[in-house]
Amino acid sequence: MATTAAAAAAQAQPGTDAREWDEAAYRRGILRERDLSCRTLFRAVFFDQPDDSDPDVLLAAASSDGSLASFSLSSCIASSAPNHASPQVPPTPPPPAQFLSTHVIRSTQFPFYSIQPVAAALVDPVCIVQAHSGPAYDVKFYNDPHQPLLFSCGDDGRIRGWRWHEMQSCLVPLYLQGDHVEPVLDLVNPQHEGPWGARSPIPENNAIAISKQDGSIFAAAGDACAYCWDVESGKCKMTFKGHTDYLHSIAVREANHQVVTGSEDGTARIWDCRSGKCTQTIHPVQNNKFEGSWVGCIAIDASESWLACGTSSGISVWSLLSNECIFNANCGAPVQDLLFDKNQILAVGAEHALSRFTINGAVLSQIKCAPPSAFSISMHSSGMAAVAGHGGLVDVISGFGSHLCAFRCRGLEK
């Protein structure tokens with residue numbers, strides 16, 4: 001009787017029959033899911049060219065697996081649309097759009113209201129290349145009107161340039177992509193010579209910045225130096241030495257022919273591009289009680305009058321005209337990227353939130369975002385913001401404060 005009952009139960013529940021079990025496929029699925037959950041997007045930037053005829057918005061992302069991928073925002077929205085949760089009706093009118101206060105955690109000026117988070121769909125890229133042999137840490141666009149270029153840098157110490165339109169017009173099937181596009185530029189950091197002719201490992205590039213005046217590329221490297229590269233000749237024009245630990249970030253101050261670097265040594269330095277000398281050292285975390293403070297990211301506003309530093313514990317904003325600290329804000333967690341939006345500052349970090357500050361340090365709003373730890377914040381000229389980080393996640397927020405989509409970036413098939 002027991003055997004008959006067991007057989008009847010097995011027939012009633014065909015899903016329990018293990019005769020068709022594919023152990024190899026199961027293992028591949030587990031490894032793929034583990035890879036997706038462990039991947040980190042260190043940078044995601046919009047392709048934002050005013051005279052671009054394509055109505056779709058495109059996004060480029062640099063991943064911890066060394067890949068560089070482009071995504072169509074319309075496809076990402078379409079993929080995540082079925083997973084959108086129905087928004088709750090806020091009990092009070094929402095704040096102005098420029099504060100991006102949808103899904104507010106806390107706000108100093110507006111009543112609390114909330115929208116349910118959206119599920120993250122797994123999205124295929126338009127194009128994907130194996131850009132670096134280690135993690136890719138940064139990408140920047142050079143918006144030439146005829147041939148826009150995408151520059152990337154990574155843990156292998158290389159800076160590579162890619163023709164953006166060539167990547168987007170690729171006809172190679174996605175499963176065959178990876179090494180189908182060749183870089184038009186390939187620069188490698190110099191090695192330092194030690195005793196008996198021994199050479200140091202090639203230092204990684206953690207961030208890059210592009211000068212719009214002469215097209216030079218500046219790199220923040222892991223050997224505590226910053227490098228200035230001439231794109232035409234492919235040669236290093238200048239080395240900026242002075243930091244005592246590796247560099248996290250770099251930004252260009254065009255009008256004054258300066259670059260600004262942020263370092264693990266807890267300082268930001270301003271350098272003269274003509275002489276290569278440090279003209280000012282800023283200590284945004286000098287009053288921090290904890291040891292091991294660092295400057296993880298920096299940003300300069302459009303007028304090049306203000307400098308914002310993201311530190312191991314918060315934000316420090318300085319006037320570049322008076323060389324004075326305007327405010328220090330303790331965020332309770334490391335700030336990993338920030339930018340200026342007119343006279344306000346957007347910041348992301350180890351907490352899954354996008355924070356908005358006034359230039360005087362007042363917190364306007366905080367928006368809950370999909371990445372549990374965010375490494376990148378980018379803005380489009382339309383007002384959209386893209387937050388990227390751990391888990392291979394990107395959360396795109398409209399200028400009206402609503403979540404347009406949250407998606408997980410598919411990587412290269414290994």
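So, how was this worked out
Residues numbered from 1 in each chain as written. Predicted model: local features only at pLDDT ≥ 70, side-chain atom pairs only at ≥ 80, totals over all residues. Heavy atoms only, no water. Phe/Tyr/Trp six-rings, centres within 6.5 Å; stacked < 30°, edge-to-face > 60°. Helix = DSSP H or I, 4+ residues; strand = E, 2+ residues; numbered from the N terminus. Contact = heavy atoms within 4.5 Å. Polar contact = N/O pair within 3.5 Å; in protein donor to acceptor, adjacent residues only side chain to side chain. Pairing = 2+ DSSP bridges. Axes fitted to C-alpha atoms, helices over the stretch in contact; angles between N-to-C directions. Buried < 20%, exposed > 50% of the residue type's maximum accessible area, 1.4 Å probe, protein only. 1 Å grid on protein atoms, 1.4 Å probe; cavity = no way out; pocket = protein on both sides within 12 Å on 5 of 7 lines; lining within 4 Å. Points joined across faces, edges and corners; volume = space filled by probe spheres on them. Nonpolar A, V, L, I, M, F, W, Y, C, P; charged D, E, K, R; others polar. pLDDT = per-residue confidence, 0-100. Salt bridge = Lys/Arg side-chain N within 4 Å of Asp/Glu carboxyl O.

So what's going on with the packing of aromatic side chains? Residues and values would help.
Within this structure, the stated rule accounts for 8 aromatic pairs. Look at Phe47 and Phe141: their rings are 5.2 Å apart centre to centre, the planes differ by 55 degrees, and that puts the pair in the tilted class. With a gap of 94 residues between them, Phe47 in strand S1 (residues 41-47) and Phe141 in strand S6 (residues 136-142) connect regions that are remote in the sequence.

Which residues make up the environment of Asp156, and what are the values?
Within the fold, Asp156 resides in the loop between strand S7 (149-154) and strand S8 (158-163). When sequence neighbours within four positions are dropped, the list of residues in contact with Asp156 reads His132, Ser133 and Ile202. A polar contact of 3.2 Å, which involves the side chain of Asp156, links it to the backbone nitrogen of Ser133. Looking at Asp156, its side chain comes within polar contact range of the main-chain nitrogen of Arg158, at 3.1 Å.

Can you break down the sheet that holds strand S22 (residues 335-341) residue by residue, with the values?
The strand order across the open sheet built from 4 strands is S22-S23-S24-S25, with neighbouring strands paired in antiparallel fashion. Where the open sheet ends on each side, the last strands, each with one partner, are S22 and strand S25 (363-368). This sheet shows a mean twist of 20 degrees between the axes of neighbouring strands, independent of strand direction. With 4 bridges joining them, strand S23 (residues 344-349) and strand S24 (residues 353-358) adopt antiparallel strand pairing. Pairing of Gln344 across the sheet is with Thr358, part of S24.

So what about the pairing of S23? Which residues, and what values?
The two faces of a sheet get side chains in turn, since along a regular strand they alternate between them. With 6 of its 6 residues buried, S23 lies for the most part within the structure. Side chains of S23 alternate between two faces, with Gln344, Leu346 and Val348 and Ile345, Ala347 and Gly349 buried alike. Bridge count between S22 and S23: 6 bridges; the pairing is antiparallel. Of the residues in S23, the one forming a bridge with Leu338 is Ala347. As consecutive antiparallel partners, S23 and S24 are separated by 3 residues.

An account of the pairing of strand S12 (residues 225-230) is requested, with residue identities and associated values reported.
Of all 6 residues making up S12, 5 are buried, and the element is well covered by its neighbours. Hairpin connection between strand S11 (residues 217-221) and S12: a loop of 3 residues separates the two successive antiparallel strands, and Ala224 in this loop has a positive phi of roughly 70 degrees. As paired elements, S12 and strand S13 (residues 235-241) share 6 bridges and run antiparallel to each other. Directly across from Cys228, in S13, lies its bridge partner Met238. Connecting the antiparallel pair S12 and S13 is a turn made up of 4 residues, with Gly234 showing a positive phi of about 75 degrees.

Residue-level account of the layout of surface pockets, with values.
As a volume, the largest pocket reaches approximately 1800 Å³. Lining the largest pocket are 47 residues, with Arg43, Val45, Lys140, Leu338 and Leu339 sitting closest to its centre. Those elements that place two or more of their residues in the lining of the largest pocket are S1, S6, strand S10 (205-210), strand S14 (247-253), strand S18 (295-300), S22 and strand S26 (374-379). When its residues are assigned to classes, the lining of the largest pocket shows 29 nonpolar, 9 polar and 9 charged.

Tell me about the sheet that holds strand S29 (residues 403-409), and please be specific about residues and values.
Overall, mixed pairing links the 5 strands, which are arranged S4-S29-S28-S27-S26 in an open sheet. At either margin of the open sheet sits one strand with a lone partner, and together these are strand S4 (121-123) and S26. Each strand of the sheet is rotated relative to its neighbour by a mean of 30 degrees, with strand direction disregarded. In terms of strand pairing, strand S28 (residues 393-397) meets S29 through 5 bridges, oriented antiparallel. Within the sheet, the bridge partner assigned to Val394 lies in S29 and is Phe407. On the sheet, helix H3 (residues 73-80) packs against S4, S28 and S29 and is oriented at approximately 95 degrees with respect to S29.

How would you sum up empty space enclosed by the protein? Please name residues and give values.
If you walk through the whole model with that rule in mind, you get 1 cavity of 30 Å³ or more. Here the largest cavity is characterised by a volume of approximately 30 Å³. Lining the largest cavity are Arg39, Leu41, Ala61, Ala62, Ser63, Ser67, Ala69, Phe71, Ile128, Cys409 and Arg410. Among the secondary structure elements, those contributing two or more residues to the lining of the largest cavity are strand S2 (58-63) and strand S3 (67-72). For the lining of the largest cavity, a count of residues per class yields 7 nonpolar, 2 polar and 2 charged.

Give a detailed account of the confidence of the model for the protein, specifying residues and quantitative values.
Per-residue pLDDT for the protein has a mean of 84; in total, 83% of the residues score no lower than 70. The secondary structure element of the protein with the lowest average pLDDT is helix H1 (residues 2-12), at 50, and the one with the highest is S11, at 98. Counted against residues more than four places away or in other chains, residues 83-117, with its pLDDT under 50, gives 74 contacts.

Explain the pattern of salt bridges to me, and be specific about the residues and the numbers.
Overall, the coordinates contain 11 salt bridges when judged by the stated rule. The partner of Arg160 in a salt bridge is Asp186, and the shortest N-O contact between them spans 3.4 Å. One end of the pair, Arg160, is in strand S8; the other, Asp186, is in strand S9 (residues 185-188), with 26 residues separating them in the sequence. Ionic pairing is found between Asp272 and Arg274, a salt bridge with its closest N-O pair at 3.4 Å. Classification of Asp272 by relative accessible area gives buried; the value is 18%. The class for Arg274 is exposed, based on a relative accessible area of 59%. Connected through shared salt-bridge partners, Arg43, Asp138, Lys140 and Asp337 make up one network.

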